[in-house]
There are 2 protein chains.
Amino acid sequence: MKPKLTLKKIAKELDVSISTVSKALRDSPEIGEETREKIKAFAKHYNYKPNNIALSLKNRKTKTIGIIIPEIVHHFFTTVISGVEKVANEMGYNVLVCLSDNSFDKEVLNMEMLANGSTDGFILSLAKETMQKGDYHHLQEAINQGMPLVLFDRVVDSIACDKVIIDDVAGAKKAVQHLLDVGCRRIAMISTVDYVSVGKLRTKGYKEALEENDIEFDENLILKIEEMEDSEKEIEEFLSNCEVDGVFAVNEHFAISAVKTLQESGKKVPQDVSVIGFTDGELSKRFIPGLTTVSQHGMRIGEESARLLIEKLERTPTEEDYYKTIIVETGLVVRDSTKSKK
Amino acid sequence: MKPKLTLKKIAKELDVSISTVSKALRDSPEIGEETREKIKAFAKHYNYKPNNIALSLKNRKTKTIGIIIPEIVHHFFTTVISGVEKVANEMGYNVLVCLSDNSFDKEVLNMEMLANGSTDGFILSLAKETMQKGDYHHLQEAINQGMPLVLFDRVVDSIACDKVIIDDVAGAKKAVQHLLDVGCRRIAMISTVDYVSVGKLRTKGYKEALEENDIEFDENLILKIEEMEDSEKEIEEFLSNCEVDGVFAVNEHFAISAVKTLQESGKKVPQDVSVIGFTDGELSKRFIPGLTTVSQHGMRIGEESARLLIEKLERTPTEEDYYKTIIVETGLVVRDSTKSKK
DNA sequence: TTGTATGCGTTATCAA
DNA sequence: TTGATAACGCATACAA
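Criteria and cut-off values
- Residues numbered from 1 in each chain as written.
- Chains lettered and ligands numbered in written order.
- Predicted model: local features only at pLDDT ≥ 70, side-chain atom pairs only at ≥ 80, totals over all residues.
- Heavy atoms only, no water.
- Helix = DSSP H or I, 4+ residues; strand = E, 2+ residues; numbered from the N terminus.
- Contact = heavy atoms within 4.5 Å.
- Areas by Shrake-Rupley, 256 points an atom, 1.4 Å probe, with all protein chains shown as cover.
- Lys, Arg positive; Asp, Glu negative; His and termini not counted.
- Charge placed at Lys NZ, Arg CZ, Asp CG, Glu CD.
- Core = buried A, V, L, I, M, F, W, Y, C linked by side-chain atoms within 4.5 Å.
- Buried < 20%, exposed > 50% of the residue type's maximum accessible area, 1.4 Å probe, protein only.
- Pairing = 2+ DSSP bridges.
- Axes fitted to C-alpha atoms, helices over the stretch in contact; angles between N-to-C directions.
- UniProt positions renumbered as here; feature names shortened; annotations may be inferred.
- Parallel < 35°, antiparallel > 145°, perpendicular 65-115°, else oblique.
- Left-handed = near helix turned anticlockwise from the far one by under 90°.
- Nonpolar A, V, L, I, M, F, W, Y, C, P; charged D, E, K, R; others polar.
- Near = heavy atom within 4 Å.
- Polar contact = N/O pair within 3.5 Å; in protein donor to acceptor, adjacent residues only side chain to side chain.
- Buried area = accessible area lost by both parts, 1.4 Å probe.
- Salt bridge = Lys/Arg side-chain N within 4 Å of Asp/Glu carboxyl O.
- Phe/Tyr/Trp six-rings, centres within 6.5 Å; stacked < 30°, edge-to-face > 60°.
- Least-squares fit on C-alpha atoms with pLDDT ≥ 70 in both.

### Details of the overall build of chain A
Across its full length, chain A holds 14 helices and 12 strands. Along the longest, intermediate and shortest principal axes, the C-alpha atoms of chain A span 85 × 40 × 35 Å. Look at the contacts in chain A between residues 6 or more apart in sequence, and 71% of them connect residues 24 or more apart. Accessible surface for chain A amounts to roughly 15300 Å². Of this, 49% is attributable to carbon and sulfur atoms. Charged side chains in chain A number 46 positive and 56 negative. The centres of these two groups are separated by 7 Å.

### Quick notes on the nonpolar core
Grouped together as the largest cluster of nonpolar side chains are 144 residues, with contacts concentrated most on Phe248 of chain A together with Phe248 of chain B. Counting 50 residues, the second largest nonpolar core, distinct from the first, contains Met131 and Tyr136 of chain A together with Phe122 and Val193 of chain B.

### Considering the sheet that holds strand S7 (residues 222-225) of chain B
Residues and elements named next belong to chain B. The sheet built from six strands is open, its strands ordered S7-S6-S8-S9-S10-S12 with mixed pairing. The open sheet has two edge strands, S7 and strand S12 (331-333), and neither has a second partner. Averaged over all pairs of adjacent strands, the angle between their axes in this sheet comes to 15 degrees, without regard to strand direction. Across three bridges, the pairing between strand S8 (residues 246-249) and strand S9 (residues 274-278) is parallel. Paired with Val247 across the strands is Val275, a residue of S9. Together, strand S6 (187-192), S7, S8 and S9 form the strand contacts of helix H10 (residues 197-212), whose direction differs from that of S6 by roughly 165 degrees. Against the sheet, helix H11 (residues 231-240) makes contact with S6, S7 and S8, and its axis sits at roughly 165 degrees relative to S7, the strand it touches most.

### Things to note about the UniProt feature "domain: HTH lacI-type" (unreviewed entry) in chain A
When the UniProt feature table is mapped onto this chain numbering, "domain: HTH lacI-type" (unreviewed entry) sits at residues 5-59 of chain A. With 67% helix and 0% strand, residues 5-59 of chain A has end C-alpha atoms that lie 20 Å from one another.

### Structural notes on unusual backbone geometry
Of the consecutive residues Ile288 of chain A and Pro289 of chain A, the connecting peptide bond is found in the cis state with omega at 0 degrees. As for its position among the elements, Pro289 of chain A is in the loop between helix H13 (282-286) and strand S10 (292-295). In this structure, the amide linkage connecting Val269 of chain B to the following residue, Pro270 of chain B, adopts the cis form with an omega of 10 degrees. One non-glycine residue, His297 of chain B, lies in positive phi territory at about 50 degrees. Here His297 of chain B is to be found in the loop between strand S10 (292-295) and helix H14 (298-314). You can call His297 of chain B partly exposed: its relative accessible area is 34%.

### Here's the deal with the packing of helix H1 (residues 7-14) of chain B against helix H3 (residues 33-45) of chain B
Residues and elements named next belong to chain B. Contact geometry of H1 with H3 gives a least axis separation of 11 Å together with a crossing angle of 125 degrees. Compared by their axis directions, H1 and H3 come out oblique. The handedness of the crossing between H1 and H3 is right-handed. For the pair formed by H1 and H3, the contact residues are Ile10, Glu13 and Leu14 on the first element and Lys38, Ile39, Phe42 and Ala43 on the second. Per-class residue counts for the contact of H1 with H3 are five nonpolar, no polar and two charged.

### Side note on the protein's contact with DNA strand D
The environment of DNA strand D is made up of 26 residues, and the closest members are Thr20, Lys23 and Gly32 of chain A together with Leu7 and Tyr48 of chain B. Sugar and phosphate atoms form 62% of the subset of DNA strand D atoms that lie within 4 Å of the protein. In the environment of DNA strand D, a phosphate oxygen lies 2.7 Å from a nitrogen or oxygen atom belonging to the side chain of Thr35 of chain A. A distance of 3.5 Å is found between a base nitrogen of DNA strand D and a backbone nitrogen or oxygen belonging to Ala54 of chain B. Secondary structure elements with two or more residues in the surface near DNA strand D: helix H2 (18-25) and helix H4 (52-59) of chain A together with H1, helix H2 (18-25) and helix H4 (52-59) of chain B. In the surface near DNA strand D, the residues fall into eight nonpolar, nine polar and nine charged.

### Side note on the interface of chain B and chain A
A common way to express how large an interface is: the accessible area buried when the components associate. With 54 residues of chain B at the contact, the number on the chain A side is 56 residues. Of the roughly 4800 Å² buried between chain B and chain A, counting both surfaces, carbon and sulfur atoms make up 56%. Area buried by chain B at its contact with chain A is led by Ile53, Asn116 and Arg286 of chain B, which between them contribute 16% of it. Taken together, chain B and chain A are joined by six salt bridges. When the shortest N-O distance is used, the salt bridge between Glu232 of chain A and Arg286 of chain B registers 3.8 Å. Linking chain B with chain A are 24 residue pairs in polar contact (both at pLDDT 80 or more). Taken together, the elements giving at least two residues each to the side of chain B that touches chain A come down to H4, helix H5 (75-90), strand S2 (94-99), helix H6 (104-115), helix H8 (137-144), H11, helix H12 (252-264) and helix H13 (282-286) of chain B.

### Quick notes on the environment of Ser265 of chain B
Here Ser265 of chain B shows up in the loop between H12 and S9. Separated by 183 residues in the primary sequence, Ser265 of chain B and Ser82 of chain B place their C-alpha atoms 39 Å from one another.

### A short note on the packing of aromatic side chains
Under the counting rule described, the total for this entry stands at 11 aromatic pairs over all chains. Seen from their ring centres, Phe77 of chain B and Phe152 of chain B are 6.1 Å apart, and the 65 degrees between their planes marks the pair as edge-to-face. Here the residue Phe77 of chain B occupies a position in helix H5, and Phe152 of chain B occupies one in strand S4 (residues 149-152), the gap between them amounting to 75 residues. Among the aromatic residues, those joined into a cluster by ring pairs are Phe76, Phe77 and Phe152 of chain A.

### Here's the deal with the protein's contact with DNA strand C
Around DNA strand C sit 27 residues in total, of which Ser19, Thr20, Lys23, Gly32 and Lys58 of chain B are the nearest. Among all atoms of DNA strand C positioned within 4 Å of the protein, those belonging to sugar or phosphate total 59%. Within the contact set of DNA strand C, a phosphate oxygen lies 3.0 Å away from a backbone nitrogen or oxygen of Ser17 of chain B. Residue Ser19 of chain B places a side-chain N or O atom 2.8 Å away from a base oxygen belonging to DNA strand C. Mapped by element, the contributors of at least two residues to the surface near DNA strand C are helix H1 (7-14), H2 and H4 of chain A together with H2 and H4 of chain B.

### Some thoughts on the pattern of salt bridges
It is possible for side chains of opposite charge to pair when their charged atoms get near one another. Across all of its chains, the model carries 40 salt bridges over all chains by this definition. A salt bridge links Lys106 of chain A to Glu85 of chain B, with the shortest nitrogen-to-oxygen separation between them at 3.7 Å. With Lys106 of chain A in helix H6 (residues 104-115) and Glu85 of chain B in helix H5, this pair bridges two chains. Residue Lys106 of chain A is classed as partly exposed on the basis of its relative accessible area, which comes to 23%. Residue Glu85 of chain B is classed as buried on the basis of its relative accessible area, which comes to 1%. Here the residues in one salt-bridge network are Lys173, Lys204, Glu208 and Glu212 of chain A, joined through shared partners.

### Some words on the relation of the copies chain B and chain A
Mapping chain B onto chain A calls for a screw motion: a turn of 180 degrees about the axis and a shift of 0.0 Å along it, with 0.0 Å RMSD after fitting. Such values leave the two copies arranged in the relation of a two-fold axis. Looking at the rotation axis and the C-alpha trace of chain B, the residue lying nearest is Leu96 of chain B, at 2.2 Å.

Listed below in structure tokens is the structure:
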């Protein structure tokens, strides 16, 4: 086992000083042509690479960004990681991934862990529990310490920072409007609990769409699910107790459970009931019938988040501080789970 | 914005030396009760946390482990990340995630990036291109530099390091045996190209199962897919050109494409053709019909990998070097896509 | 009981 | 043109 080459070792080997080696490798004109070439040749031959940690300490920059996501079952979040990773790597950054498991404590712990020098900034989607508690001191603290923060998907208004979201209200409206367009009149919604920002917003969009089409809103047609775990059973119970011709679900898992339940109870999708989901993932794509969804472009969200964060990181500190909210367009991917009933 | 607290600042504030502060915070008996308490109280009040980077430089340990995976579309890999992350966090480690996108160059680049001090060791599943080229110098280099390496899933014999795999041959055999048990006689296999270790091994298992049941092996019943991209079309063409009553696919995507194609051509699954997949992910679980699969326990693979790596990292260097290969048991999850034809 | 000096690997400043 | 020195934040052997 040969330990890593350092400036010191090169210096010793070539019988020059450390600073000479450092300068030569950075092509400083201070160093004479001959010595410079000699040093560079040596370094190249033995494949010298500067130590990132030392650089981090010196520059007070780690060139890594931390991303904390609530859960990994949702394909959406993994595509966001993918987008972040892509942009980050292009810009010479590494990506530290942490999972909060939707737990407030784990989220705080993760942030503390990374805030002590491991990362230059954060990209984060809030844990369910955090939104429920409404306790965001850890976010504010990071910002106060000069660590930029980008929130995506599950964000909160009260924190001033960059944000990347989709227009959840408009997306939901689009979904419900589509159901109305294909002839649905009694449309159920399967949502998450209200304290999750996206759940609330999508519910708003649902209501607005109904309103605009002069359809009465019925509280009983909304199911709010707390835990992914029990979702299947809850959906089954819910749907067996209400007569509907359309279902709007806030994620693919719920949508698929809905289809399953409906089929098992003898209804046909889309002939009897149309079902639309949110977040266009593998599940929607591969499912039979192919699931009509509002596409959420996780990849793009990740890319935008990373760009935003890196921009802030590389900005000269004198520039004025202001925050952007980027809204990534949603699309409507029509597949086989919704169909005109005429 | 208040910059981070350092030992230096505390020392200055309390008018003691840096080392006194350092020792006091580490509960050294060298320091007098009174000063110690004073310093600790101060540190606690202002929430002092040592700088990870400085610690890394000092200890020549980063307490982070790097994981490089080939692609993130497969739910399997994300569950592995999840498992790694879990164990790592429990042991006080961070996780750096990189994607190789199945590209040899990106894999090498990622490793070089992380090897310069960013990580203490690697957990890695080989890129397709890497296996095709058979060029593993970057792995050997990392090992030579004293960075432990754990390979999982897509591994290679010629590199001496810890490995976490499943018994692919046995898993495949199990799958095919199940198809035989439910009465299938002409069983197609949808695999990956041979240079991907798991593709080769699972093909072996397929053959062995047939042999043991005195069924003739037919080369034409095997489809080898190179790119995920074109898989759907290839599978469609393949299945429309051969009459089978069972299909064994090496991942869920292929399995689902098979079901889709079969159904579109008027065949019923499982009544006419039984289909079994590999890797028990969301797709298999949620699909209709529920997909029978060989379960691969990505979470466990991740956990074992992390444990193995950390064990090596924390071992005293004098201990003898030896490598383990952990084989994680596969299971058979029977759902609705396979059914007895009696 | 406390403080000084040194080093981890770099780079930047300044002196030779 | 080159080299010595200090600094980034921390820990520790050793000196006071």
